Amino acid sequence: FLFVPAVEVKIEVVIPEKERSKEEMSPNGKASPLIYKVNGTARHYHLEEHPIASNPYHNPKDVVEASVCHVKDLENGQMREVDLGCGKALLVKESGEFHAVGHKCPHYGAPLVKGVLSKGRVRCPWHGACFSISTGDIEDFPGLDSLPRFQVKIEKERVYIRASKQALQTQRRTKMMAKCISLSNYNLSSTNVLIIGAGAAGLVCAETLRQEGFSDRIVMCTMDRHLPYDRPKLSKSMDSHPEQIALRPKEFFRTYDIEVLTEMQVAAVDIKNKTAVFKDGFKMEYNKLLIATGNTPKALSCKGKEVDNVFNIRTPEDANRVVKLATSKNVVIVGASFLGMEVAAYLAERAHSVSLVELEEVPFRKFFGERVGRTVMKMFESNRVKFYMQTEVLELREQEGKLKEVVLKSGKVLRADVCVVGVGAVPATGFLKQSGVNIDSKGFIVVNKMMQTNIPGVFAAGDAVTFPLALRNNKKVNVPHWQMAHMHGRIAALNMLAHGTEISTVPYLWTAMFGKSIRYAGHGEGFDDVVIQGDLDELKFVAFYTKSDEVVAVASVNYDPIVSKVAEVLAAGRTIRKRDCCWFLFFFFRTGDMSWLTGKGS
């Protein structure tokens, strides 16, 4: 399905000063009819004069102004949620100045007043998204929208906030974006930017290009039948329909001239001729290319793997179908991965029985450590999930073509009406094997800090890449997290525009099971010890993952916003030593003073 406006589109956009000196990005030498020249370089933009208005609110009836506190009510570094009568705002005082922005994270609605304030930005306590307190702009992910920013004034030592009622109600703001100046100028088989993959990385790349004033053609293509959607919800909220989890409505893509080709698979990339070849034979030329194809779930290799009612959860239809078939039936889940465990948790109250088969002795042992893994396992067992550990599936047996039993190598036979496979995934990069793009031995695309591959003009992002992680001394890692895919897409877009921006974000992820959320920040691969503070049995704890003497990651349950605070400390380039873990909690929760961990070094 292709979104292409039927008429020529001409749009005026404001061009940031930094944008005017970037390289020309017109495909195949074709120029749009509306251009101007800076230093002799044609650019596909038109400047619009914006007179400075004394009152930025055009509709007085949509405006509310309220006194919210005395100037001495807030100390530097403090935040307060304030009520303006028709909605709330987040009031922040930092370096003697007051700022007011939306009080809810646009991602899932977390109260930002419970988040972490640090050096001009607030970090969400739930999933780690970051927003500038002076502009409201999103600076780290997940999520797509920024916060609304409100006017603050001081009169007679009172703090007043002036805000749009609509902004108070929506609590989100989409950044201003350019549109394509003239789609009618393009051949259907050529584009300036081609994005292969329509997940978080691909969508954020397209949006960032538009936000930066880029007004040439952008085409996204995906094997999926849907527009980009919130993929983590496939295992956390399995009965969600595609329109409920869409990241953007259909109108958004039309409004900003982001074309989406659905159910279109790229079979090969001709680097020399800058051409993508699709499975159906269609070819599309490009100037810049982003490869964001993600992963392909691994399938079982046992006898009977082709029987009906065996699923990899890849699409909303897969998730919906599993829920329908599993209700009051027997479910077997193969693999104690994040997907497998989340599916088990979701189905536990709906299915007659849920059995989980895993090769390891303890779930999440390599990721969260044995003690946390056993705690999670105990929580599942108390919710009627039965584990079969240190074994594998030998055979899937059928009756009249449909799954009936799962036979394990241990000899155990499990009744099964539905089987969900969550045994990992491999990068979806097979189509690149003959392309010349550098692929490592595991199939991951190798990129640098600017998400560039070894081929000029070709970028890659998301689950299918390895990249230098600043947090781990630029070690090349694969981080298949939703938040990281967003940031990859943004960095790739900025460097398509020659910004020279390097990635430096701290990985952040979460999982939700039986009403409990485990939050995690950092990169704990290869950790050699776990320092646990709190009570594992009560599911209220913090786990610091250390390598040698250094904290490399943290996880928590019911200890918000400690993971977001650790993420801020790590993002600032600080090192937390193993011996400092207990002091970290003391200073943060008892005093709120983290000045001892705000500079560089240890």
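Residues numbered from 1 in each chain as written. Predicted model: local features only at pLDDT ≥ 70, side-chain atom pairs only at ≥ 80, totals over all residues. Heavy atoms only, no water.

K.L.:
Break down the sheet that holds strand β19 (residues 288-291) for me, citing the residues and quoting the values.
P.N.:
Strand order across the open sheet formed by 5 strands is β15-β14-β13-β19-β31, with parallel pairing between neighbours. This sheet does not close on itself; its edge strands, each paired only once, are β15 (258-261) and β31 (458-460). Strand after strand, the sheet turns through a mean of 20 degrees between neighbouring axes, direction not considered. As paired elements, strand β14 (residues 218-221) and β15 share 4 bridges and run parallel to each other. Bridge pairing in β15 places Met220 opposite Val260. Against the sheet, helix α2 (residues 200-211) touches β13 (193-196), β14, β15 and β19, its axis set at about 175 degrees to β14. (Pairing = 2+ DSSP bridges. Helix = DSSP H or I, 4+ residues; strand = E, 2+ residues; numbered from the N terminus. Axes fitted to C-alpha atoms, helices over the stretch in contact; angles between N-to-C directions. Contact = heavy atoms within 4.5 Å.)

K.L.:
Just give me the short version of helix α5 (residues 316-326), but keep the residues and values in it.
P.N.:
Here α5 has its buried residues at Pro316, Asp318, Ala319, Val322, Val323 and Ala326. What you see down the axis of α5 is that its buried residues fit within an arc of 165 degrees, all on one side. In this fold, the buried residues of α5 make contact with α3 (233-236), β21 (310-311), β22 (330-334), α6 (338-347) and β28 (418-421). (Buried < 20%, exposed > 50% of the residue type's maximum accessible area, 1.4 Å probe, protein only. Arc of directions from axis to C-beta.)

K.L.:
How would you sum up the sheet that holds strand β34 (residues 508-513)? Please name residues and give values.
P.N.:
Ordered in space as β34-β35-β38-β37-β36, the 5 strands form an open sheet in which the pairing is antiparallel. Both outer strands of the open sheet, β34 and β36 (529-535), are each paired with one neighbouring strand and no more. For this sheet the average axis-to-axis angle between neighbouring strands, irrespective of direction, equals 15 degrees. As defined by bridge partners, strand β35 (residues 516-522) adjoins strand β38 (residues 550-557) across 4 bridges and the pair is classed as antiparallel. Of the residues in β38, the one forming a bridge with Arg519 is Ser556.

K.L.:
Got a sec to walk through empty space enclosed by the protein? Specific residues and values, please.
P.N.:
In total, this model carries 3 cavities of 30 Å³ or more according to the counting rule given. As a volume, the largest cavity reaches approximately 80 Å³. Along the walls of the largest cavity sit Ile138, Phe141, Leu144, Lys175, Val204, Glu207, Thr208, Gln211 and Arg490, which together make up its complete lining. Of the residues assigned to the lining of the largest cavity, the class counts are 4 nonpolar, 2 polar and 3 charged. Two domains each provide a minimum of three residues to the lining of the largest cavity, namely domain 1 (60-170) and domain 2 (176-298 + 427-506). One number sums up the size of the second largest cavity: a volume of about 50 Å³. Of all elements in the fold, only α8 (370-381) and β35 reach the threshold of two or more residues within the lining of the second largest cavity. At 3 residues, the largest contribution of residues to the lining of the second largest cavity is made by α8. (1 Å grid on protein atoms, 1.4 Å probe; cavity = no way out; pocket = protein on both sides within 12 Å on 5 of 7 lines; lining within 4 Å. Points joined across faces, edges and corners; volume = space filled by probe spheres on them. Nonpolar A, V, L, I, M, F, W, Y, C, P; charged D, E, K, R; others polar. Domains from an automatic or database assignment.)

K.L.:
Tell me what's going on with the packing of aromatic side chains, and back it up with residues and numbers.
P.N.:
Tallied over the full model, the rule gives 15 aromatic pairs. With a centroid separation of 4.8 Å and 35 degrees between ring planes, the pair formed by Phe338 and Phe364 is classed as tilted. Note that Phe338 is positioned in helix α6 and Phe364 in the loop between β23 (353-358) and α7 (365-368), a separation of 26 residues in sequence. By relative accessible area, which is 8% here, Phe364 ends up buried. A centroid spacing of 5.2 Å and a plane angle of 90 degrees characterise the contact between Phe338 and Phe367, whose relative ring orientation is edge-to-face. Within this pair, whereas Phe338 is found in helix α6, its partner Phe367 is found in helix α7, the two being separated by 29 residues in sequence. (Phe/Tyr/Trp six-rings, centres within 6.5 Å; stacked < 30°, edge-to-face > 60°.)

K.L.:
Account for the environment of Ala521, with residues named and values stated.
P.N.:
Turning to its location among the elements, Ala521 is positioned in strand β35. Along the sequence, Ala521 and Lys565 sit 44 residues apart, while their C-alpha atoms lie 9.5 Å from each other.

K.L.:
Can you tell me about the nonpolar core, naming the residues and giving the values?
P.N.:
Across soluble globular proteins, nonpolar side chains show a tendency to be buried alongside one another. Within the largest apolar cluster, 101 residues are counted, with the highest numbers of intra-cluster contacts made by Leu194, Leu209, Val269, Leu290, Phe467 and Phe544. When sequence neighbours within four positions are dropped, the list of residues in contact with Leu209 reads Val193, Phe214, Ile218, Ala493, Met496 and Leu497. In this structure, Ala345, Val530, Ile532 and Ala555 belong to the second largest nonpolar core, which totals 51 residues. (Core = buried A, V, L, I, M, F, W, Y, C linked by side-chain atoms within 4.5 Å.)

K.L.:
Residue-level account of helix α9 (residues 482-496), with values.
P.N.:
With 15 residues, α9 ought to run about 21 Å at 1.5 Å a step, and its terminal C-alpha atoms sit 22 Å apart, in line with that. Here α9 lies mainly inside the structure; 15 of its 15 residues are buried. Ala498 lies just past α9 and shows a positive phi near 65 degrees. (Expected span 1.5 Å × (residues − 1).)

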